[in-house]
Amino acid sequence: MLDRERGWSVSFAGCGFLGVYHIGAATCLQQHAPHIIRDARHIYGASAGALAGAVLVGGGSLAEACADVLALAKEARKRNLGPLHPSFNVIKIIRDGLMKNLPENTHQLSSGRLCISLTRVSDGKNALISNFDSKEEVVQALICSSFVPIYCGIIPPSFRGVRYVDGGISDNLPHYESKNTITVSPFAGECDICPKGNSANFHEMNVTNTSIQFSLGNLYRLTQALFPPEPKVLGEICEQGYSDALKFLRENGMLPLYFFEKKNGYPLALQEACQEQSGFYAQVSKLFPVRVMSYLMLPYTLPVESAYSLALRLVNWFPDIPDDVRWMQEQLCQIAGTVYSRAKSKLFCLFSLDQPSCCSSAQFYNANTLFKCWGCWRRRRATDFFIFNIMDWCYLTLTCVCFMFCPCVSPALRERAEPLRDLPLNATRCAPGVFIRSAPPPLATARAP
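Just so we're clear, the structure is a prediction, and the values are computed from it rather than from any experiment.

Caption draft 1: Structural context of the overall build of the chain. Scanning the chain for helices and strands turns up 18 helices and 11 strands. Residue burial in the chain is summarised as follows: out of 449 residues, 43% are buried. Relative to all contacts within the chain whose residues are 6 or more apart in sequence, the contacts with residues 24 or more apart total 69%. Total accessible area computed for the chain in this model is approximately 24600 Å², and 60% of it derives from carbon and sulfur atoms.

Caption draft 2: Local environment of the confidence of the model for the chain. Averaged over every residue, the pLDDT of the chain is 76; the share at 70 or more is 68%. When pLDDT is averaged over each helix and strand of the chain, the minimum, 38, is found for strand β11 (residues 434–437) and the maximum, 95, for strand β3 (residues 114–120). This model gives residues 416–449 a pLDDT under 50, and the stretch forms 56 contacts once residues within four places in sequence are excluded.

Caption draft 3: Quick peek at the pattern of salt bridges. Tallied over the entire structure, the rule returns 11 salt bridges. Salt-bridge contacts for K135 lead to E104; the nearest nitrogen and oxygen are separated by 3.6 Å. With K135 in helix α7 (residues 135–146) and E104 in the loop between α5 (90–101) and α6 (106–110), this pair connects stretches of sequence that are 31 residues apart. Taking the shortest distance from any N to any O, the salt bridge between R120 and D123 comes out at 3.1 Å.

Caption draft 4: Geometry of the environment of E137. Mapped onto the elements of the fold, E137 is located in helix α7. Using a relative accessible area of 17% as the deciding quantity, one classes E137 as buried. For the pair E137 and R160, spaced 23 residues apart in the sequence, the C-alpha separation amounts to 8.4 Å. Aside from chain neighbours lying at most four places away, what touches E137 is N131, F132, F159 and R160. At 2.8 Å, the side chain of E137 and the side chain of R160 are in polar contact.

Caption draft 5: Summary view of the pairing of β3. The buried fraction of β3 amounts to six of the seven residues, a majority that puts the element mostly inside the structure. Pairing geometry for strand β2 (residues 42–46) and β3, over four bridges, is parallel. Counterpart to Y44 in the pairing with β3 is C115. Of the strand pairs in this sheet, β3 and strand β4 (residues 126–129) are connected by four bridges, and their pairing is antiparallel. From the neighbouring strand, I116 faces β4, where its bridge partner is I129. Between the antiparallel neighbours β3 and β4 lie five residues, among them G124 with a positive phi of about 75°. Of the pairings in the sheet, the one linking β3 to strand β6 (residues 162–166) comprises three bridges and is antiparallel in character. By the bridge assignment, L118 is partnered in β6 with D166.

Caption draft 6: Expanded view of the environment of E239. Tracing the chain through its elements places E239 in helix α9 (residues 231–251). Taking C-alpha positions, E239 is 7.4 Å from Y21, a pair spaced 218 residues apart along the chain.

Caption draft 7: Here's a closer look at the side chain of Q224. On the secondary structure map, Q224 appears in helix α8 (residues 216–226). Overall, Q224 belongs to the buried group, its relative accessible area being 5%. The residues contacting Q224, other than those within four sequence positions of it, are F17, L18, P229, V233 and I237.

Caption draft 8: Molecular detail of α8. Buried residues of α8: N218, R221, Q224 and A225, and no others. Axial view of α8: buried residues confined to an arc of 110°, hence all on one face. When the buried face of α8 is taken as reference, the exposed residues oriented beyond 90 degrees from it are L216 and Y220. Taken together, the buried residues of α8 touch β9 (210–213) and α9.

Caption draft 9: Just the packing of helix α1 (residues 20–32) against helix α4 (residues 62–77), in detail. Where α1 meets α4, the closest approach of the two axes is 10 Å, and the angle between their N-to-C directions is 170°. With respect to α4, the element α1 is oriented roughly antiparallel. Contacts from V20, I23, A26, T27 and Q30 in α1 reach L62, A65, C66, V69 and L70 in α4. In terms of residue class, the contact of α1 with α4 is built from eight nonpolar, two polar and no charged.

Caption draft 10: Highlighting the nonpolar core. V10, I36, I116, L142, I193 and L249 are the most contacted members of the largest nonpolar core, which has 73 residues in total. For L142, the contacting residues outside a window of four places in its chain are A50, L51, A54, L98, L102 and I116. Core analysis: the second largest hydrophobic core is formed by five residues, A13, L173, Y176 and C191 among them.

Caption draft 11: Seen up close, the pairing of strand β7 (residues 181–184). Burial along β7 is two-sided: the residues T181 and T183 and I182 and V184 are all buried. Taken together, the four bridges between strand β1 (residues 9–12) and β7 define a ladder with parallel strand orientation. Bridged to S9 within β7 is T181.

Caption draft 12: Structural view of the side chain of T106. The topology assignment puts T106 in helix α6. Judged by its relative accessible area of 0%, T106 is buried. Contacts of T106, omitting those with residues within four sequence positions, involve G58, K135 and V138.

Caption draft 13: The arrangement of α5 in detail. A rise of 1.5 Å per residue sets the reference length of α5, with its 12 residues, at 16 Å; its end C-alpha atoms lie 16 Å apart and thus fit the reference within 8%. Taken residue by residue, α5 has V90, I91, I94, G97, L98 and N101 as its buried positions. Taken down its axis, α5 places every buried residue within 130° of arc, on the same side. The inward-facing, buried residues of α5 abut α3 (48–57), α4 and α7.

Rules used in this analysis
- Residues numbered from 1 in each chain as written.
- Predicted model: local features only at pLDDT ≥ 70, side-chain atom pairs only at ≥ 80, totals over all residues.
- Heavy atoms only, no water.
- Helix = DSSP H or I, 4+ residues; strand = E, 2+ residues; numbered from the N terminus.
- Buried < 20%, exposed > 50% of the residue type's maximum accessible area, 1.4 Å probe, protein only.
- Contact = heavy atoms within 4.5 Å.
- Areas by Shrake-Rupley, 256 points an atom, 1.4 Å probe, with all protein chains shown as cover.
- pLDDT = per-residue confidence, 0-100.
- Salt bridge = Lys/Arg side-chain N within 4 Å of Asp/Glu carboxyl O.
- Polar contact = N/O pair within 3.5 Å; in protein donor to acceptor, adjacent residues only side chain to side chain.
- Pairing = 2+ DSSP bridges.
- Arc of directions from axis to C-beta.
- Axes fitted to C-alpha atoms, helices over the stretch in contact; angles between N-to-C directions.
- Parallel < 35°, antiparallel > 145°, perpendicular 65-115°, else oblique.
- Nonpolar A, V, L, I, M, F, W, Y, C, P; charged D, E, K, R; others polar.
- Core = buried A, V, L, I, M, F, W, Y, C linked by side-chain atoms within 4.5 Å.
- Expected span 1.5 Å × (residues − 1).

Laid out in structure tokens, this is it:
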């Protein structure tokens, strides 16, 4: 039973094209126990779960949302490469569907109740967004929560000037551990509303805060989340979500006293939304000879379709080009600065293991005089053991390459870096990840240039 004093929340897991399961479960809750959605303190969601929660809280139609998901799946399946085809723009289709289905005051209905899970690109941490100032902000937050890197694109979208990606990467089921949260997931596991897996299988894994039973059924569902099945199968998944939610209400005594189960209690609106529109073109395209011919023509049609879709995306990208280019420059500079600073610190730590007495500290760490003291450093190396790991050699090699081949380095400094080539590589492993140099050359051969 739900604790009315402490309140409760509902959380929908991210699941890609399996979001029709959430639509079926939400329809059942809204039809037989409307107080669960109406009186819930928060509706959490990530990715497809956030889309279902936005439609449920923001005043949209669940039947239209189900039809949109099926239309999206059909749009992906009619291409030879499926959702990986260059002409398939999933973000644009989702945005158009949200703008059509959600009312203009959806931000007022969603603020404070709908919590969208996002993953911040800068540090990879999770963020829950619950306050919105306009319908466009609601749609943009949902787009950020549904953006799977590489699968949906390369440049992540932004919300209020911050770059975010799919919320399922950091927290796929927000507030899963809370006892007052009703969790909904299309994967068999320990959620409140989910398919029932094999009772004999006790192996379970936690994927970004989502309990998933390790079974062949769940592995198949994971592939269906990114590569949609036939519309008939999606309709069955939606109906399963409805029946699982009904079973949850029955087991917890939340059904009304006058409730009696019909033989076919599945809503007619969802049945009509899940029906596949069979036309002449759809029937012809399913014929085996036509499909074989389309695959044979793929090397000739794919470049043309790719160029056309690239031109369309470039036109749509024009308003965001300045911000996206600025963000890419910042990321490249940050990566280059991190690599350079770590390489310099590793190299300086290597030299600081044995600072020669003939050089002062300031002179030893000065980049212009550092290699003058290389001979002094090598004179005393026979009495020292130097510890390296794989990352030390990687950073040292990168720094050597920069000094030897970078055009911005002066020839004189490049000549001083010549002794770096003579670093001994015949190291002996003395512990896991630890190496010591063996058999140092005679001291007479280690004079400074």
